[in-house]
Amino acid sequence: MEQKIFYDINDLNGYLWTNDFRSVLLVCDDSIKFIKTADEYFNTLTSRLGIRVTRFSDFCPNPLYESVVKGVEVLRKNNCDVVIALGGGSAMDVAKCIKLFSDMDDDINYLKQEILDNELPLIAIPTTAGTGSEATRYAVIYLEGKKQSVTHESCIPQTVVMDASFLETLPLYQRKATMLDALCHLIESTWSINATKESLEISESAIKLALNSLDGYVSNTKEGNEGMLKAAHEAGRAINITQTTAGHAMCYKLTSLYNIAHGHAAALCVNKLWPFMLEKLKENDESFVITPGGSNVLKERFLILAKAFGKDDPYEAAKEFDLILKKYDLSIQAATKEDIDVLKASVNPVRLKNNPITLTQDEIENLYKEILIYGE
């Protein structure tokens, strides 16, 4: 499916009118009040186009299944004929699940039912440049404290509004974390065992764009915001093909354990995983390389990464990524032995299956000790 993309919120007017939408479910959190253009757009949509807007904000940063259930109830009660997600990853995840569950039997847990295509349109308006969720078939919600991954092609939004002006109110730390999330998606999609010719082309060009946009994005320039928003979207397209790898598998518990942003946690993991895998390749042992085509193909992918980072040597590219983390002052506190044990036990084996090199429990433990400031 080719997405329809607009670059100004006002360009959405004609689309909504042409498709004869009459009732919008707007999934957004309270941050919309800081984005005055977006807030005003939806506040005046009824007076301008006669389209009713029902806002749904009853969800948290790691959205719960129960929130999605409430969202489906609100959608049905108000006879909404289109869902619009405005925000970061959480708003996108909730909106995607509302769409997927909208025609299911509400007497049975939605997560236990088969997901089928439905006709409910979904529009995504990202307000961060990081997750790329507006381009993926993935959503994450939580039920009884356990993460539930929801995947289906039909939750990829048909229409996306990438209005870079919506990024202007992002706090500095969120800027750093979201740009790192986008970069990690691009890096991991390059070395993923599921990488294809298409995903590699997307990643290589988007890494260059992201690197060229880093300083401008952190400084909140128009050009930087536009570049990073585009790079994050392309990262979403790449990850939609390849899925994430050990960098993401190892990062989730770091987020909750140390109260840091997802992109920050992912970058800390990728930063140590990258040189570790380069060293493993030196051993010339094919038994732990699971990339189709073996170590020679994987070495080629590390060279593609190096080229995207403007380097000839894969080690120099890894060092460049480390310098980015140092430049933007993204470290983490010291860890205890108990922390390491909790982290090691938290790793999702499904995501590890996409990693090009197998990891033992001891290797995962040692990587966490490198990621964190750790003393015996």
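Before reading on, note that the structure itself is shown above.
So, here's what we can say about the structure.

Calculation criteria
Residues numbered from 1 in each chain as written. Predicted model: local features only at pLDDT ≥ 70, side-chain atom pairs only at ≥ 80, totals over all residues. Heavy atoms only, no water. Axes fitted to C-alpha atoms, helices over the stretch in contact; angles between N-to-C directions. Helix = DSSP H or I, 4+ residues; strand = E, 2+ residues; numbered from the N terminus. Parallel < 35°, antiparallel > 145°, perpendicular 65-115°, else oblique. Left-handed = near helix turned anticlockwise from the far one by under 90°. Contact = heavy atoms within 4.5 Å. Nonpolar A, V, L, I, M, F, W, Y, C, P; charged D, E, K, R; others polar. Phe/Tyr/Trp six-rings, centres within 6.5 Å; stacked < 30°, edge-to-face > 60°. Buried < 20%, exposed > 50% of the residue type's maximum accessible area, 1.4 Å probe, protein only. Lys NZ or Arg CZ within 6 Å of the ring centre and 35° of its normal. Pairing = 2+ DSSP bridges. Lys, Arg positive; Asp, Glu negative; His and termini not counted. Salt bridge = Lys/Arg side-chain N within 4 Å of Asp/Glu carboxyl O. Polar contact = N/O pair within 3.5 Å; in protein donor to acceptor, adjacent residues only side chain to side chain.

**Section: the packing of helix H7 (residues 197-218) against helix H12 (residues 295-308)**
Thought 1: Running from amino to carboxyl end, H7 crosses H12 at an angle of 30°, the nearest separation of the two axes being 9 Å. Between H7 and H12, the crossing angle belongs to the class labelled roughly parallel. Crossing angle aside, the handedness with which H7 passes H12 is right-handed. Here H7 contributes Leu-200, Glu-204, Ile-207, Lys-208 and Leu-211 to the contact with H12, which in turn contributes Arg-301, Ile-304, Leu-305, Lys-307 and Ala-308.
Thought 2: Among the residues forming the contact of H7 with H12, the class breakdown is 6 nonpolar, no polar and 4 charged.

**Here we look at the packing of aromatic side chains**
Thought 1: What the rule picks out here adds up to 10 aromatic pairs.
Thought 2: With centroids separated by 5.9 Å and ring planes inclined at 45°, the aromatic side chains of Trp-274 and Phe-321 adopt a geometry described as tilted. Taken together, the positions of Trp-274 in helix H11 (residues 262-281) and Phe-321 in helix H13 (residues 314-327) put the pair 47 residues apart, joining distant regions of the chain. This pair shows no difference in class: Trp-274 is buried, exactly as Phe-321 is.
Thought 3: Ring-pair connections join several aromatic residues into one group, and the members of that group are Trp-191, Trp-274, Phe-302, Phe-309 and Phe-321.
Thought 4: Its guanidinium or amino end placed over the ring of Tyr-41, Arg-48 lies 4.5 Å from that ring's centre, counting from NZ or CZ.
Thought 5: One Lys or Arg, Lys-280, reaches over the ring of Phe-288 and ends 4.1 Å from the middle of that ring.

**What about the sheet that holds strand E4 (residues 82-87)?**
Thought 1: Taking strand neighbours across the sheet as the criterion, the 6 strands line up as E1-E8-E5-E4-E2-E3 in an open arrangement whose pairing is parallel. The outermost strands of the open sheet, each flanked by one partner alone, are strand E1 (4-6) and strand E3 (52-56). Averaged over all adjacent pairs, the angle separating strand axes in this sheet is 20°, with direction ignored.
Thought 2: Judged from the 2 bridges that link them, strand E5 (residues 122-126) and strand E8 (residues 159-161) form a sheet pairing that is parallel.

**Considerations on unusual backbone geometry**
Thought 1: For Asn-259, which is not glycine, the phi torsion reads 55° and is therefore positive.
Thought 2: The phi dihedral of Asn-284 is positive, around 55°, even though this residue is not glycine.
Thought 3: Structurally, the position occupied by Asn-284 is in the loop between H11 and H12.

**Thoughts on the side chain of Lys-176**
Thought 1: Structurally, the position occupied by Lys-176 is in helix H6 (residues 172-191).
Thought 2: Although Lys-176 is buried, it forms no salt bridge, and the closest oppositely charged side chain is Asp-329 at an N-O distance of 5.7 Å.
Thought 3: Excluding residues that lie within four positions of it along the chain, Lys-176 makes contacts with Tyr-328 and Leu-330.

**Some words on the side chain of Asp-163**
Thought 1: Inspection of the secondary structure puts Asp-163 in the loop between E8 and H6.
Thought 2: Buried Asp-163, no salt bridge; nearest opposite-charge side chain is Lys-222, N-O distance 8.8 Å.
Thought 3: Looking at Asp-163, its side chain comes within polar contact range of the side chain of Ser-165, at 2.6 Å.
Thought 4: Once you skip the residues sitting within four places of it in the chain, Asp-163 turns out to touch Tyr-7, Asp-8, Ile-9 and Leu-229.

**What about the pairing of strand E7 (residues 146-151)?**
When a strand is regular, its side chains alternate between the sheet's two faces.
Thought 1: Bridge count between strand E6 (residues 138-143) and E7: 6 bridges; the pairing is antiparallel. Across the sheet, the residue bridging to Val-140 is Ser-149, located in E7.

**A closer look at the pattern of salt bridges**
Thought 1: According to the stated counting rule, one finds 21 salt bridges in the structure shown.
Thought 2: Taking the shortest distance from any N to any O, the salt bridge between Arg-55 and Asp-39 comes out at 2.9 Å. In this pair, Arg-55 is assigned in strand E3 and Asp-39 in helix H2 (residues 36-43), connecting sequence segments 16 residues apart.
Thought 3: You can call Asp-39 buried: its relative accessible area is 19%.

The values reported here are purely geometric and, on their own, carry no functional implication.
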